[in-house]
Amino acid sequence: GLEYIKLGQNALMGNIPTALGQLSFLKHLDLSDQKSHGGGIGGTLLDFVNQTQLTEIFLQHNDISGPIPATMLESYSGSELVTLDLRFNMLSGAIPSELSHINHLNLFLASNMITEIPDALCNTNWNEGNTGTHGCDGILCDRGTFNAYGRAVGSLDCMKCDDFFMTAALGSTTCGSSLEHTALISLYQTTGGPNWKSDSNWLKSEDHCTWEGITCHASGEFEGLVQRIELEDNNLVGAAMLALIWRFQGLEYLNLQ
């Protein structure tokens, strides 16, 4: 039977095919980063309840919405490390406590709309031991805090952010409007980002303040928000939607020519 699917960065669109949930021999599934190439897989998350050997699921940077199913990977009973990467989607609600049956899990959920982590999950040793060290922060930074990973990693704690635009969700990767991050991704997609002369760090780093041509305010009223967008002479093709620009509350300079 089919064991390995790797189709990341292919501009795939539409909902996740339910037939994937019937591939009982599947071990590796990668449908990640469709948005960075102009696509975006949507719909609700499959629970992969029929898979007993699936240990690697990469679905980050897509448009998957709704809750994480309580039956997620319910049939998995192995001792191997399981990696479930769902960063930068639109998942909402609580992380299901039923996932606690997986002893060794890397659960990456930054930049979604997750609102609750059951206490039982914070006592695990997930995410390379970071939940053991940092508790719930090792899964997702709490409300009003952030770091580039959206979770505490090693010696990098979640940092306090007093920004007015912080959302009620857990796992923020920036101190500032989450709309800015999605607006920059849309700018990249609608102006031929993969074909720019230079796109250093774009969509590769979680912190958009490190993306080439982007400068963020270091202090003051707009700390953490985008200050300058300088992408001139960079082979941008297409029309950037004006509505995107209004999402940048602290923008002082823009050059896309």
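On a predicted model such as this, the values are computed, not experimentally measured, just so you know.

Rules used throughout
- Residues numbered from 1 in each chain as written.
- Predicted model: local features only at pLDDT ≥ 70, side-chain atom pairs only at ≥ 80, totals over all residues.
- Heavy atoms only, no water.
- Phe/Tyr/Trp six-rings, centres within 6.5 Å; stacked < 30°, edge-to-face > 60°.
- Buried < 20%, exposed > 50% of the residue type's maximum accessible area, 1.4 Å probe, protein only.
- Lys NZ or Arg CZ within 6 Å of the ring centre and 35° of its normal.
- Disulfide = S-S within 2.5 Å.
- Pairing = 2+ DSSP bridges.
- Helix = DSSP H or I, 4+ residues; strand = E, 2+ residues; numbered from the N terminus.
- Axes fitted to C-alpha atoms, helices over the stretch in contact; angles between N-to-C directions.

Novice: Outline the packing of aromatic side chains, listing residues and values.
Specialist: Taken as a whole and judged by the stated rule, the model has four aromatic pairs. A centroid spacing of 4.8 Å and a plane angle of 35° characterise the contact between tryptophan 202 and tryptophan 211, whose relative ring orientation is tilted. Like tryptophan 211, tryptophan 202 is buried. What links up through ring pairs into an aromatic cluster is the set Tyr188, Trp196, Trp202 and Trp211. The ring of tyrosine 253 is capped by arginine 228, whose NZ or CZ atom sits 4.2 Å from the centre of that ring.

Novice: So what's going on with the state of the cysteines? Residues and values would help.
Specialist: Across all of its chains, the model carries three disulfides by this definition. Note on cysteine connectivity: cysteine 209 is disulfide-linked to cysteine 216, with sulfurs 2.1 Å apart. The sign of the -90° torsion about the S-S bond sets the cysteine 209-cysteine 216 disulfide as left-handed. Taking relative accessible area as the criterion, cysteine 209 reaches 25% and is therefore assigned partly exposed.

Novice: Help me get a handle on the sheet that holds strand β7 (residues 82–85), residues and values and all.
Specialist: Strand pairing in a sheet takes place through backbone hydrogen bonds and is either antiparallel or parallel in direction. Taken together, five strands build an open sheet; the order of strands is β1-β3-β5-β7-β9 and the sheet is parallel. A strand with exactly one partner marks an edge of an open sheet, and here the two such strands are β1 (4–6) and β9 (105–108). Strand-to-strand twist across the sheet, computed as the mean angle between neighbouring axes with direction ignored, equals 10°.

The quantities given are spatial measurements derived from coordinates; they are silent on function.
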